[in-house]
Amino acid sequence: MKNFKNDLLTRIRKAVKLRQAKNILDNRNHMYLVFGESDEIPGLFIKYFDGEILIEFYMDFWKQYQDFITQNTVKIINEVLKKDISASNIWIQYRSNALSLATCKDPNATFRRVDISEYGVNYKVLIGKHYDCGIYTDMAAIRYKLRHEISKSESLLNLYSYTGAFSLYALKLGVKSVTSVDLSEAYLDWLDENIALNDDIDKERHTRLNIATNEALSSFANKNTTFNFIISDPPSSSSDGNKRSNALADYAQTLPKMDKVLSEHGSMLLFLNTHKCTHEKFKNKIKSIIQKNNLNLKLQTTYFLNEDCPSKKGFPEGSYLKGLLLKRNDKSK
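Everything numeric in this text was worked out from a predicted model, so none of it was measured.

Caption draft 1: Highlighting the packing of aromatic side chains. If you walk through the whole model with that rule in mind, you get 19 aromatic pairs. For the pair F35 and Y320, a centre-to-centre distance of 6.3 Å together with 35 degrees between the ring planes defines the contact as tilted. With a gap of 285 residues between them, F35 in strand β1 (residues 30–35) and Y320 in the loop between β15 (297–304) and β16 (321–328) connect regions that are remote in the sequence. The same class applies to F35 as to Y320, namely buried. Joined through ring pairs, the aromatic side chains of Y32, F35, F45, Y58 and Y320 make up one cluster. Between K5 and the ring centre of F68, over which it is positioned, the NZ or CZ distance is 5.0 Å. Positioned above the aromatic ring of F166 is the side chain of R143, whose terminal nitrogen or guanidinium carbon lies 5.5 Å from the ring centre.

Spelled out as structure tokens, the structure:
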């Protein structure tokens, strides 16, 4: 048992040191300190949100070591990152239960708001109030990699926008017109609050649409509205109250519609967020849709989890997030 605990602490410390060495906090103040199997600690994920620590357990096995992990995570973070956090900054969430909320080691804290920053953009995060906190930290490094592609666009459409991380980043990069589409009015309200946190972002350049993606795309097509850049990041499985959808299968319907509202020299970024489908299967599925519908699109670049969310060779389940950048072929439609 003693050897197991020592080995566990060694792996947590190694993971935190790896992030510290990459200087990730120089550009954003939220990141993964531990990323499960990729750091050789199955089912354990630790996130840092500007001094607040969210420890996520995906395996009930870790319950017997919860206090040990909590106490030593505080020590390791303070030692390696030169911080001054305490147990009152620690949040615990068991992600094996889809209804489980994060709870704080401080009994007086039911939830906590943290305003974080990422590449010059500010966002509101709520820990302990919802199942998810309001931003997908695993996509932060991918957003940064896309900065040149996004900044070249004059108009951007963000489908399934959630709280608008991509929308705000596009506005920050100077995109003249950004449209966010989401079925949740609460998420769009959250997006508006995020915009208000950024004095240098002109809210007049942003349009929000509380509508289903298919409905929005049909409306844009009917009005001959086009976009230079389209981002599609659907939930892997969701329901609109009437039927349950599957992201991979739904691309057969949504991709041709996105093609109709993509400008002549435009690009679109498609994401799939599930460990049940390999990157190769996702790529082949998109290629088959393009071929079947004779779409004038070509695969340009692929995106994977990276930086604070590394992939592990031989463990495809950990590479759940996949991105494909498509561009118009040189020939005009």
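Let us keep going from here.
Caption draft 2: Quick peek at the sheet that holds strand β5 (residues 103–104). Pairing in this open sheet of five strands is mixed, and the strands run β1-β2-β3-β4-β5 from one edge to the other. At either end of the open sheet lies a strand with only one pairing partner, and these are β1 and β5. Direction of pairing for strand β3 (residues 52–57) relative to strand β4 (residues 90–94): parallel, over a ladder of five bridges. The residue of β4 that forms the bridge with I55 is I92. Contacts between helix α1 (residues 2–21) and the sheet are confined to β1 and β2 (44–49), with β1 contributing the most and set at about 145 degrees to the helix. Across the face of the sheet, helix α2 (residues 66–81) comes into contact with β1, β2, β3 and β4 while running at roughly 140 degrees to β3.

Caption draft 3: Seen up close, a nonpolar patch on the surface. Side chains of F4, Y58, M59 and F61 sit close together on the surface and give an oily, nonpolar patch of about 340 Å² of accessible area. Given a relative accessible area of 32%, F4 falls into the partly exposed group.

Caption draft 4: Spotlight on the pairing of β4. Taken across its five residues, β4 has five buried, putting it largely inside the fold. Because side chains alternate across β4, one face comprises the buried residues I90, I92 and Y94, and the other comprises W91 and Q93, equally buried. Between the parallel elements β3 and β4, the chain passes through α2 in a crossover that is right-handed.

The rules we used
Residues numbered from 1 in each chain as written. Predicted model: local features only at pLDDT ≥ 70, side-chain atom pairs only at ≥ 80, totals over all residues. Heavy atoms only, no water. Phe/Tyr/Trp six-rings, centres within 6.5 Å; stacked < 30°, edge-to-face > 60°. Helix = DSSP H or I, 4+ residues; strand = E, 2+ residues; numbered from the N terminus. Buried < 20%, exposed > 50% of the residue type's maximum accessible area, 1.4 Å probe, protein only. Lys NZ or Arg CZ within 6 Å of the ring centre and 35° of its normal. Pairing = 2+ DSSP bridges. Contact = heavy atoms within 4.5 Å. Axes fitted to C-alpha atoms, helices over the stretch in contact; angles between N-to-C directions. Patch = residues over 30% accessible without salt bridge, like charges linked within 9 Å, V, L, I, M, F, W, Y side chains within 5 Å. Areas by Shrake-Rupley, 256 points an atom, 1.4 Å probe, with all protein chains shown as cover. Salt bridge = Lys/Arg side-chain N within 4 Å of Asp/Glu carboxyl O. Right-handed = clockwise from strand over helix to strand, strands pointing away.

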